[in-house]
Amino acid sequence: MSTTTIDKQSKESQSWNDSLLLGIPVVDKQHKILIALFDEIISISQEKNESEKILPLLNELQRYTIYHFNTEEEFMRKGNLQDMDQHVKQHDLFKKKIADFMIAHNYKNIVLLNQITVFLRKWLVVHISDTDAKMLKH
Ligand SMILES: [Fe+2]
Ligand SMILES: [Fe+2]
């Protein structure tokens, strides 16, 4: 993760709110970083020449989500959570979606930024507050 993301994390986030806290410290910390990355994508999408800057950020988002998903999946395995399959499936779909966005960017050199940001905003909040929250109910 870039230092800019870590710096941003300590500032006031546009998209984070404490209702997203689950009470699993390692997961909460990673969620804040994910949301900070999302904020960075939003702010770059409003700049000129965003197409050159967006790919490294998507790359970072991809790397960090893989790391984060591994943390959650390990947490669920350790807790022997029965219904982790659906959760892992959502992670896999997200990874595929980000990979698809990156391919679209590479080949067409058109950043589907609006689609990306709408998808990320919806997915991150719904996934954290619904699917991730279920990790606690066992
Ligand atoms: Fe998560
Ligand atoms: Fe998750």
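Calculation rules
Residues numbered from 1 in each chain as written. Chains lettered and ligands numbered in written order. Predicted model: local features only at pLDDT ≥ 70, side-chain atom pairs only at ≥ 80, totals over all residues. Helix = DSSP H or I, 4+ residues; strand = E, 2+ residues; numbered from the N terminus. Buried ≥ 20, exposed ≤ 12 C-beta atoms within 10 Å, placed from the backbone. Contact = placed C-beta atoms within 7 Å. Expected span 1.5 Å × (residues − 1). Arc of directions from axis to C-beta. Core = buried A, V, L, I, M, F, W, Y, C linked by C-beta atoms within 7 Å. Axes fitted to C-alpha atoms, helices over the stretch in contact; angles between N-to-C directions. Parallel < 35°, antiparallel > 145°, perpendicular 65-115°, else oblique. Left-handed = near helix turned anticlockwise from the far one by under 90°.

A. Quick look at the overall build of the chain. From N to C terminus, the chain includes five helices and zero strands. Its helices and strands in sequence order give the chain the pattern α-α-α-α-α, from N to C terminus. Expressed as a percentage of its 138 residues, the buried residues of the chain come to 14%. A sequence separation of at least 24 residues applies to 75% of the contacts in the chain between residues at least 6 apart.

B. Helix H2 (residues 25–45), seen in detail. An ideal rise of 1.5 Å per residue puts 30 Å on 21 residues; H2 measures up with 30 Å between its terminal C-alpha atoms. Residues of H2 that are buried: His 31, Leu 34, Ile 35, Ala 36, Leu 37, Phe 38, Glu 40 and Ile 41.

C. Local environment of helix H5 (residues 113–131). For H5, with 19 residues, the first-to-last C-alpha span of 25 Å sits near the 27 Å given by 1.5 Å per residue. Restricting attention to buried positions, one finds in H5 the residues Ile 116, Leu 120 and Leu 124. Considered in projection along H5, the buried side chains sweep an arc of 50° and stay on one side of the axis. Residues Asn 114, Gln 115, Val 118, Lys 122, Val 126 and Asp 130 are exposed on H5 and point more than 90 degrees away from its buried face.

D. The nonpolar core, seen in detail. Membership of the largest hydrophobic core comes to 14 residues, with the highest contact counts inside it found for Leu 34, Ile 35, Leu 37, Phe 38, Ile 41, Leu 120 and Leu 124. At the level of secondary structure, the elements contributing two or more residues to this core comprise H2, helix H3 (50–78), helix H4 (84–108) and H5. With six residues, H2 is the single largest residue contributor to this core. In this structure Ile 41 touches Leu 57, Thr 117 and Leu 120, once residues within four positions along its chain are discounted.

E. Broad picture of the environment of Pro 56. If you trace the backbone, Pro 56 turns up in helix H3. Judged by the 11 C-beta atoms lying within 10 Å of it, Pro 56 falls in the exposed class. Sequence-wise, Pro 56 and Met 102 are 46 residues apart; in three dimensions their C-alpha atoms are separated by 9.8 Å.

F. Seen up close, the packing of H2 against H5. Following both chains from N to C, one finds H2 and H5 inclined at 160°, their axes separated by 11 Å at the closest point. In terms of axis orientation, H2 runs roughly antiparallel to H5. Read as a crossing pair, H2 and H5 show a hand that is left-handed. For the pair H2 and H5, contact is made by His 31, Leu 34, Ile 35, Phe 38, Ile 41, Ile 42 and Ser 45 and by Leu 113, Thr 117, Leu 120, Leu 124 and Ile 128, respectively.

G. Highlighting the environment of Ile 42. Mapped onto the elements, Ile 42 comes out in helix H2. The partly exposed category is assigned to Ile 42, around which 16 C-beta atoms lie within 10 Å. Sequence separation between Ile 42 and Ile 116 is 74 residues; the distance between their C-alpha atoms is 9.5 Å. In this structure, Ile 42 is in contact with Gln 14 and Thr 117, ignoring residues within four places of it in sequence.

On their own, these measurements won't tell you what the molecule is for.
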